[in-house]
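Secondary and tertiary structure notes
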Amino acid sequence: MNFKNVSVLFISLFSSIVLCAQDTIPLVNGLVVGATNQARRTIVYKDPVFSDFITQDVYRPKEGDSIGVNRREETERWEKITADGKGVFKSRKLRGGYLFITYNSPEKALKILEISGHNEVYVNGVPRGGDVYNKHLTFHPIQLKEGENTFLVKGGRGQVNMQLLAIKKIYRIIRT
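As the structure is a prediction and not an experimental result, all values here were calculated from the model.

**Focus on the overall build of the protein**
Counting secondary structure elements, the protein contains two helices and 13 strands. Evaluated residue by residue, the protein yields a buried proportion of 38% over its 176 residues. Look at the contacts in the protein between residues 6 or more apart in sequence, and 75% of them connect residues 24 or more apart. As presented, the protein carries roughly 11,300 Å² of accessible surface, and 52% of it is formed by carbon and sulfur atoms.

In structure tokens, the structure reads:
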């Protein structure tokens, strides 16, 4: 067996185990804000949302909060957004902007975050990788805490699809 065949076998096995062993918890309501950068490449990157996120103990934007001006010199403000019937958040503001979502978990739990169409996501402050080409291949195991959990998503191409997958049973793929 060559490397490609082994990789396809492993991905197929992992995907089938994960997909057969979970329920879906949709994330459908949040806040969105457009980008404030000037769409230029620069050594010093100014991002007011990320700056607030890393400097504040608890980052929690509110609807109507201003973060700066966009390249058209219009004030960017956080506004409500709801996912469509397929669970996709669609907005031009997600082209480089941010999506902020909260989820209240009844208990501490291990979940799988399925997310696509984003550059990066911070789950309770912990960074996770992105799926900028919207290939629907990003599954992050995450630890939810009891109570409010936050998701700060850096948008990519204008739409983000995300949901939590509840793990019913943890399967061991490799025996030790």
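**Considering the pattern of salt bridges**
Inspection of the entire model under this criterion finds seven salt bridges. Two residues, aspartate 47 and lysine 154, come together in a salt bridge whose shortest N-O distance is 3.8 Å. Placement of the pair is aspartate 47 in the loop between β2 (29-33) and α2 (48-55) and lysine 154 in strand β12 (residues 147-155), with a sequence separation of 107 residues. With respect to class, aspartate 47 is no different from lysine 154; both count as buried. Across the salt bridge formed by lysine 80 and glutamate 63, the nearest N and O atoms sit 3.9 Å from each other. Of this pair, lysine 80 sits in strand β5 (residues 79-82) while glutamate 63 sits in the loop between α2 and β3 (66-69), and the two are 17 residues apart along the sequence. A single network of salt bridges, built from pairs that share partners, joins Glu76, Glu79 and Lys93.

**Focus: the side chain of aspartate 131**
Topologically, aspartate 131 is positioned in the loop between β10 (126-128) and β11 (139-144). Look past the residues within four positions of aspartate 131 in its chain and what remains in contact with it is Ile115, Ser116, Gly117, His118, His136, Leu137 and Thr138.

**Considerations on empty space enclosed by the protein**
As enumerated under the stated definition, the model contains one cavity of 30 Å³ or more in all. The computed volume of the largest cavity comes to approximately 50 Å³. In this structure, the largest cavity is lined by 13 residues; those nearest its centre are Ala35, Thr36, Asp47, Gly96 and Lys154. Within the lining of the largest cavity, the residues separate by chemical class into six nonpolar, four polar and three charged.

**Re the nonpolar core**
It is characteristic of soluble globular proteins that their nonpolar side chains tend to be buried jointly. Leu27, Phe89, Leu99, Leu113, Phe151, Met162 and Leu164 are the most contacted members of the largest nonpolar core, which has 22 residues in total. If we ignore the near neighbours within four places in the chain, the residues touching leucine 99 are Leu31, Ile81, Phe89, Leu94, Phe151, Leu152, Val153, Val160 and Met162. Leu31, Tyr59, Trp78 and Phe100 belong to the second largest nonpolar core, which has eleven residues in total.

**Some details on the confidence of the model for the protein**
Any residue range with low pLDDT should be treated as having predicted coordinates unsuitable for detailed reading. Mean pLDDT over the protein: 83, with 81% of residues reaching 70 or higher. Here helix α1 (residues 3-20) stands out as the least confident element of the protein, with mean pLDDT 46; β5 is the most confident, with 97. Confidence drops under pLDDT 50 across residues 5-10; counting only partners more than four residues distant or on other chains, this segment forms three contacts. Contacts of residues 12-21 to residues separated by more than four positions or lying in other chains number ten contacts, the stretch itself having pLDDT below 50.

**Some remarks on the packing of aromatic side chains**
Per the stated rule, a full pass over the model turns up five aromatic pairs. Centroid distance phenylalanine 50 to phenylalanine 53: 6.1 Å. Interplanar angle 35°. Geometry classified as tilted. Pair noted here: phenylalanine 50 and phenylalanine 53 are both in helix α2, with a separation of three residues, about one helical turn. Exposure remark for phenylalanine 50: the relative accessible area of 26% places this residue in the partly exposed category. Between the aromatic rings of phenylalanine 53 and tyrosine 122, the centroid separation amounts to 5.0 Å while the plane-to-plane angle is 55°, which identifies the pairing as tilted. Here tyrosine 122 lies in strand β9 (residues 118-123) and phenylalanine 53 lies in helix α2, a separation of 69 residues in the sequence. The same class applies to phenylalanine 53 and to tyrosine 122, which are both buried.

Here is what the cut-offs are and how they apply
- Residues numbered from 1 in each chain as written.
- Predicted model: local features only at pLDDT ≥ 70, side-chain atom pairs only at ≥ 80, totals over all residues.
- Heavy atoms only, no water.
- Helix = DSSP H or I, 4+ residues; strand = E, 2+ residues; numbered from the N terminus.
- Buried < 20%, exposed > 50% of the residue type's maximum accessible area, 1.4 Å probe, protein only.
- Contact = heavy atoms within 4.5 Å.
- Areas by Shrake-Rupley, 256 points an atom, 1.4 Å probe, with all protein chains shown as cover.
- Salt bridge = Lys/Arg side-chain N within 4 Å of Asp/Glu carboxyl O.
- 1 Å grid on protein atoms, 1.4 Å probe; cavity = no way out; pocket = protein on both sides within 12 Å on 5 of 7 lines; lining within 4 Å.
- Points joined across faces, edges and corners; volume = space filled by probe spheres on them.
- Nonpolar A, V, L, I, M, F, W, Y, C, P; charged D, E, K, R; others polar.
- Core = buried A, V, L, I, M, F, W, Y, C linked by side-chain atoms within 4.5 Å.
- pLDDT = per-residue confidence, 0-100.
- Phe/Tyr/Trp six-rings, centres within 6.5 Å; stacked < 30°, edge-to-face > 60°.

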